[in-house]
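Residue-level structural notes
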Amino acid sequence: MKKSLLLLLALTFCGLLSYGQNVTIKGKVTTNDQLGLPGVTVVEKGTVNGTVTNVDGNYEITVSNSDADLTFSFIGFISQDVTIAGKTTIDVLLEEDTQDIDEVIVVGYGTQKKANITGAAASVQMDKILANRPVTNAAVALQGSIPGLQVVTSSGQPGSEGVSLNIRGTTSINGGSPLVLMDNVPVSISDVNPHDIESVTVLKDAAASSIYGARAAFGVILITTKKGGKNQPVKFNYSNTFSVRQAEDVLEKASTYDFVHGLDDWGVDAFWTGPDVPTWIDFLEDNRANPGNYPEGYAEKDGLRYPLTDTDLIGAFLNDPGYTQIHNFSFSGGSAKTAYRVSAGYSDEDGIIVTDSDSQKKYNVTSYLKTDITDKFSVTADIKYNGSYRKSPVGQYSNAISFNPFTPEDGYHEFEDGSLVPYDSPAMAEKIKVIPQRWQDRIRLFGKAEYSPIQDLMLTGEYTFSKLNEDNVTGNNQVLTVNPERFTLNAVDPARTYHQKTNSKTVYSGLNLYAKYNKSIDEHNFTILGGFNREDQSYEYFRARRYNLVDVNLPALGTATGIIEADDSFYEWAVMGYFGRLNYNYKEKYFVELNARYDGSSRFATEDRWGFFPSVSGGWNIAREGFMEDVELISQLKLRGSWGEVGNQSTSGYYPYVP
C-alpha cells in the first residue's frame, strides 16, 4: 500500500511538471466591514500547498492548474471554498461564525446559551471527540477534551472500572468524585454507550453545581443522549470499528548472566533458592564458551538446578494481540408531533494478556419516544438496557516483572519419573486456573411529562427507575504446579478446592418536579426555576462458597462435599431537596444568577440531616459593548465571578451516625 501511494505521488508530481499549468492567484480577504483580515489560511484544496494573508488581508498563491479550488479558513469565521475558474484575482468575504456564541448547553435542570453562562461550565460534542476511536468507555473518550476535567485510567483491562474522574483536582479527606447525571438522575458513565451520547457538560464551580446540593461537592457531569427529531424522515445509521492493540514500552530484564554477576558484585554468596553464586558463575562462563555442553539450558550440582538461559516472562504473559470490535446501529425520525430513536450497540474486547481471560462483551439497547398529546402537553419515554460479560485475569503482571530472568515462562517441568507438571508462572496461570467471571444486567426506565398552561411557563415531571443485577462466579481448582524459581512442587490440598457464587441487586428510583418561567420586559430578561427532587436506592448482596469439589471440572455448590460459607450485606440511602434559580440579564451584556438548594440526606442523623446551599454569580459580556464593535479579532469576551457553598455527603459508609 505504501509503495502504491508513493508511486501515485510520484506520477502526480511528474504530471504537474509535464503539463506546466501553474497559475498564480492574488486577492484580498475581508470581513463584513470590508476590513482586511490577517492570518487567514489559504490552501489549494486536496493538497498541502497553502499560504496565509498578510496584515492587510492580502495573499498570493501559485496553484497547479486554473480549475483548482481554494479553501479560505480562519478561527471564528465560516470556511469558504472558491473555484478559480480561470481567474487570477479572487477577493473573498468571510462571514463571522456565530454558532459557538449562540450555542446552547445543558445546565442544572435546563439549558442556557453558552455566551450567557456565569458559572464555570464547559461542553463538548461526543461525536467530535469520539470519531472512529475504538473506545467502549465514555469516560476514556473524554480524556483531554474538557479543560479542568482529569480522567485517569489505572488499568488497561477490558471492562475495568478503574477510570477516575476529577474536576479541578480537589477532593475531601474521604475522597470524592463528580456527580454524573443523565436526565437529571445519577448514572455510571461506563454504562452509557458513547455512540448514544450527544454532548457532555461539566459544571466546575459552586455557582454552576450548587443546585444539585449535597452530592455536588466535586462538580457535576451532565450527559445528554441522542434523540430523534420531529418532521424528519427515517434515518438509518450503522458503524463498526475493528482494532488491534499491543503492549508498548514493555520492561526489558537483565540477562541471567548479568543478573548472577550482579549478585556477585553485591557480595551475595548464595541465591535464596539455593544455588551457590560462584558455582553458578562458573557454569555461566562455561556455557558462554561452550554452549553445547548444556543442551537443556541448565546445569545440575548436588541436586540443585543452575539455570543458564534467558526466558521472557513478560512476553509470554502479554503475547496476545488485543482485538476489539464495535458495532452500532440506530434509526431515528419523527412526524409533526412525534420523535423517536432506537439504537443497539455491541462490543467485544480481548485484552493483551495470553488467552481470553481479560475480555469483555457489552450489549446496549436504547429506545426513545417523545410525542405531543396536545399543543401544551407532551410525554417522553426512554428505555435503556445494558448487559455485559467479563473475565478477569488471575496471573499477576507484578510477578511477570519481578520473577527472575531465568524463570520458565510457560510449559511443564519433567520429573525423573517422567511426569509433567505445569509451572506456576503468570502466563500458565491463565491457562490452568479458574478465571473469575461476571455478568451484569441493567434496565433503566425514564418517563417525562411537560405541560405549558400559559405562555413562557413550563411544568416538568420526571421519574426514573433502574435495576441492576450482578452475578460473579469464581473458584479454586488447587491444580498441581511447580514453583518456577525453586523447581519444586507447590503444595495442594483437594479439600481446599471450592466454588463460589455472589449475587447483588441494586434498585434505584428518582423523582424530579420543577417549573420554569421566562419573562422579558423591554431589554430586561428573567428566568425563574423552582423544583423538588427525591431519590432512593437499595442494595442487597449474597455470597455462598463450598469447599472440597468432587470434580474440579464440574464446579458447583451441589457438587462439593465440604463446609459451606455464606454471608450477605445490604444498605439503603435517600436524598431529598428543594431547589431554585433566578437568572437576570440586561441586553445580554450584564448577568446575575442566584442558586439555592435545601437538601437532606439519610446518611446523617435526623437532627443534623438538612443543609442550605446558596450561590451567586455575575458576568459582563464586554464583546457586546459599543467600544468593541470595531475589534474584529475578538468575537467573545466575558468577565465573570462566582461564590457558593455545596454540601458533601461522601461519608464512610451509609450509616456513619450509628455507633
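The coordinates are above.
Residues numbered from 1 in each chain as written. Predicted model: local features only at pLDDT ≥ 70, side-chain atom pairs only at ≥ 80, totals over all residues. Heavy atoms only, no water.

1. Quick word on helix H5 (residues 256-265)
Where we set the bar: Whether a residue is buried, partly exposed or exposed follows from its accessible area with a 1.4 Å probe, protein chains only, as a fraction of its type maximum: under 20%, in between, or over 50%, in that order. Helix numbers and strand numbers start at the N terminus; a helix is a DSSP run of H or I with at least 4 residues, a strand a run of E with at least 2. The directions considered for the arc run from the helix axis to the C-beta atoms.
Here H5 has its buried residues at Thr 256, Tyr 257, Val 260, His 261 and Leu 263. Buried residues of H5, viewed axially, fall in a sector of 150°; they line one side. In the stretch just after H5, Gly 267 is the one whose phi turns positive, near 80°.

2. Digging into the packing of aromatic side chains
Heads up, the rule is: Any two rings among Phe, Tyr and Trp, with Trp reduced to its six-membered ring, count as a pair given centres within 6.5 Å; such a pair is stacked if its planes are under 30 degrees apart, edge-to-face if over 60, and tilted if neither. Charge-over-ring contacts are defined here by two conditions on Lys NZ or Arg CZ: a distance within 6 Å of the ring centre and an angle within 35 degrees of the ring normal.
Taken as a whole and judged by the stated rule, the model has 29 aromatic pairs. Seen in terms of ring centroids, Phe 236 and Phe 331 are 5.9 Å apart; in terms of plane orientation they differ by 35°. Their pairing is tilted. One end of the pair, Phe 236, is in strand E17 (residues 232-245); the other, Phe 331, is in strand E20 (residues 322-334), with 95 residues separating them in the sequence. When its relative accessible area of 56% is taken as the criterion, Phe 236 is described as exposed. Ring geometry for Tyr 389 versus Trp 439: centroids 5.2 Å apart, planes at 35°, classification tilted. With Tyr 389 in strand E23 (residues 377-391) and Trp 439 in strand E26 (residues 437-451), this residue pair connects regions lying 50 residues apart in the sequence. Here the aromatic cluster, defined as three or more aromatic residues joined through ring pairs, consists of Phe 259, Phe 271, Trp 272, Trp 280, Phe 283, Tyr 294, Tyr 306 and Phe 406. One residue, Arg 288, lies across the ring of Tyr 257, its end atom 3.6 Å from the ring centre. Over the ring of Phe 487 we find Arg 305; its NZ or CZ atom is 4.9 Å from the centre of that ring.

3. Let's talk about the packing of H5 against helix H6 (residues 277-289)
Rules: In this analysis, axes come from line fits to C-alpha atoms, helices being fitted only over the stretch in contact, and the angle between any two N-to-C directions falls in the range 0 to 180 degrees. Crossings are classed by handedness, with left-handed meaning an anticlockwise turn of the near helix from the far one by less than a right angle and right-handed meaning a clockwise turn. Between two residues, a contact is recorded if the distance between any of their heavy atoms is within 4.5 Å. Gly counts as polar in this scheme, as do all residues outside two lists: the nonpolar Ala, Val, Leu, Ile, Met, Phe, Trp, Tyr, Cys and Pro, and the charged Asp, Glu, Lys and Arg.
At a minimum axis separation of 10 Å, H5 and H6 run at an interaxial angle of 150°. Read as a crossing pair, H5 and H6 show a hand that is left-handed. Contacts between H5 and H6 involve Thr 256, Tyr 257, Val 260, His 261, Leu 263 and Asp 264 from the former and Val 277, Trp 280, Ile 281, Leu 284, Glu 285 and Arg 288 from the latter. Split by residue class, the contact of H5 with H6 holds seven nonpolar, two polar and three charged.

4. Notes on empty space enclosed by the protein
Heads up, the condition is: The distinction between a cavity and a pocket rests on a 1 Å grid over the protein atoms alone: a 1.4 Å probe fits inside a cavity but cannot get out, while a pocket stays open yet meets protein on both sides within 12 Å along at least five of seven lines, and a residue with an atom within 4 Å of a point counts as lining. Grid points are joined across faces, edges and corners, and a volume is the space filled by probe spheres set on the points.
One pass over the full model with this rule turns up three cavities of 30 Å³ or more. Estimates place the volume of the largest cavity at around 120 Å³. Lining the largest cavity are 14 residues, with Met 182, Asp 191, Val 192, Lys 384 and Asn 386 positioned closest to its centre. Secondary-structure elements contributing two or more residues to the lining of the largest cavity are strand E22 (359-372), E23 and E26. Residues belonging to the lining of the largest cavity are distributed by class as follows: five nonpolar, four polar and five charged.

5. Considerations on a nonpolar patch on the surface
Put simply, the rule reads: A residue counts toward a patch only above 30% relative accessible area and without a salt bridge, and it is joined to like-charged neighbours within 9 Å or, for Val, Leu, Ile, Met, Phe, Trp and Tyr, to nonpolar neighbours within 5 Å. Each accessible area is a Shrake-Rupley estimate made with a 1.4 Å probe; only the visible protein chains count as cover when residues are assessed. Between Lys or Arg on one side and Asp or Glu on the other, a salt bridge is scored when a side-chain nitrogen of the former is within 4 Å of a carboxyl oxygen of the latter.
Together, Tyr 363, Val 365, Ile 383, Tyr 385, Ile 443 and Leu 445 make up an exposed nonpolar region whose accessible area comes to about 460 Å². Sorting the residues of the nonpolar patch by element identifies E22, E23 and E26 as the ones contributing at least two each. Relative to the helices and strands, Ile 443 is located in strand E26. Here Ile 443 falls in the partly exposed class, since its relative accessible area comes to 31%.

6. Description of the nonpolar core
To keep things clear, this is the line we draw: Note on terminology: a nonpolar core comprises buried Ala, Val, Leu, Ile, Met, Phe, Trp, Tyr and Cys residues joined through side-chain atoms within 4.5 Å.
Within the largest apolar cluster, 25 residues are counted, with the highest numbers of intra-cluster contacts made by Met 126 and Leu 142. Secondary structure elements with two or more residues in this core: strand E10 (121-125), helix H2 (126-130), helix H3 (138-141), strand E11 (149-153), strand E12 (163-167), strand E13 (179-182), strand E15 (197-203) and strand E16 (220-225). Filtering out sequence-adjacent residues up to four positions away, Met 126 remains in contact with Ala 138, Ala 141, Leu 142, Pro 194, Ile 197, Glu 198, Ser 199 and Val 200. By size, the runner-up hydrophobic cluster in this structure holds 18 residues, among which are Leu 37, Val 40, Phe 72 and Val 92.

7. Observations concerning the layout of surface pockets
Roughly 890 Å³ of internal volume is contained in the second largest pocket. Every residue lining the second largest pocket is counted, 36 residues in all, and those nearest its centre are Val 106, Thr 111, Thr 224, Lys 227 and Lys 448. No other element matches strand E8 (residues 104-107), which puts four residues into the lining of the second largest pocket. Partitioning the lining of the second largest pocket into residue classes produces 14 nonpolar, 11 polar and 11 charged.

8. As for the sheet that holds strand E7 (residues 92-93)
Condition: In this analysis, strands are considered paired if DSSP registers two or more bridges between them.
Spatially, the three strands line up as an open sheet ordered E4-E1-E7, and their pairing is mixed. Only two strands of the sheet have a single neighbouring strand rather than two, namely strand E4 (58-63) and E7. Pairing analysis gives two bridges linking strand E1 (residues 23-30) to E7, with the strands arranged parallel. Looking at E7, one finds that Thr 30 is bridged to Leu 93.

9. Things to note about the pattern of salt bridges
Scanning all chains against the criterion turns up 19 salt bridges. A salt bridge links Asp 196 to Arg 341; its shortest N-O distance comes to 3.2 Å. Of this pair, Asp 196 sits in the loop between strand E14 (185-186) and E15 while Arg 341 sits in strand E21 (residues 338-350), and the two are 145 residues apart along the sequence. What you see here is one network of salt bridges that share partners, running through Lys 370, Lys 448, Glu 450 and Glu 462.

10. Some words on the sheet that holds E14
Taking strand neighbours across the sheet as the criterion, the five strands line up as E10-E15-E16-E13-E14 in an open arrangement whose pairing is mixed. Only two strands of the sheet have a single neighbouring strand rather than two, namely E10 and E14. Bridge count for E10 against E15 is five bridges, and the pairing is antiparallel. Bridge pairing links Ser 123 to Thr 201 in E15.

11. Section: the side chain of Glu 470
We apply this condition: None of His or the chain ends enter the tally, which takes Lys and Arg as positive and Asp and Glu as negative. Two N or O atoms count as a polar contact when they lie within 3.5 Å, although within protein this holds only if one can serve as hydrogen donor and the other as acceptor, and sequence-adjacent residues are included solely when both atoms are side-chain atoms.
For Glu 470, the position within the fold is in strand E27 (residues 457-476). With no salt bridge to any partner, buried Glu 470 finds its closest opposite charge in Arg 438, at an N-O distance of 4.7 Å. In this structure the side chain of Glu 470 is engaged in a polar contact, spanning 2.9 Å, whose partner is the side chain of Asn 472.

12. Section: a negative patch on the surface
How we decide: Charge positions come from single atoms, namely NZ of Lys, CZ of Arg, CG of Asp or CD of Glu.
Residues Glu 296, Glu 300, Glu 414, Glu 416 and Asp 417 make up a contiguous surface patch of negative charge. Examined against the element boundaries, Asp 417 turns out to sit in the loop between strand E24 (412-414) and strand E25 (420-422).

13. Details of the environment of Asp 196
Taking the relative accessible area as the measure of exposure, Asp 196 reaches 6% and is therefore buried. For Asp 196 and Asp 536, which are 340 residues apart along the polypeptide, the C-alpha to C-alpha distance reads 26 Å. The residues touching Asp 196, leaving out its near neighbours within four places in the chain, are Thr 225, Lys 226, Arg 341, Ser 343 and Thr 366. Of the polar contacts made by the side chain of Asp 196, one reaches the side chain of Arg 341; its length is 3.2 Å. Reaching out from Asp 196, the side chain makes a polar contact with the side chain of Thr 366 at a distance of 3.4 Å.

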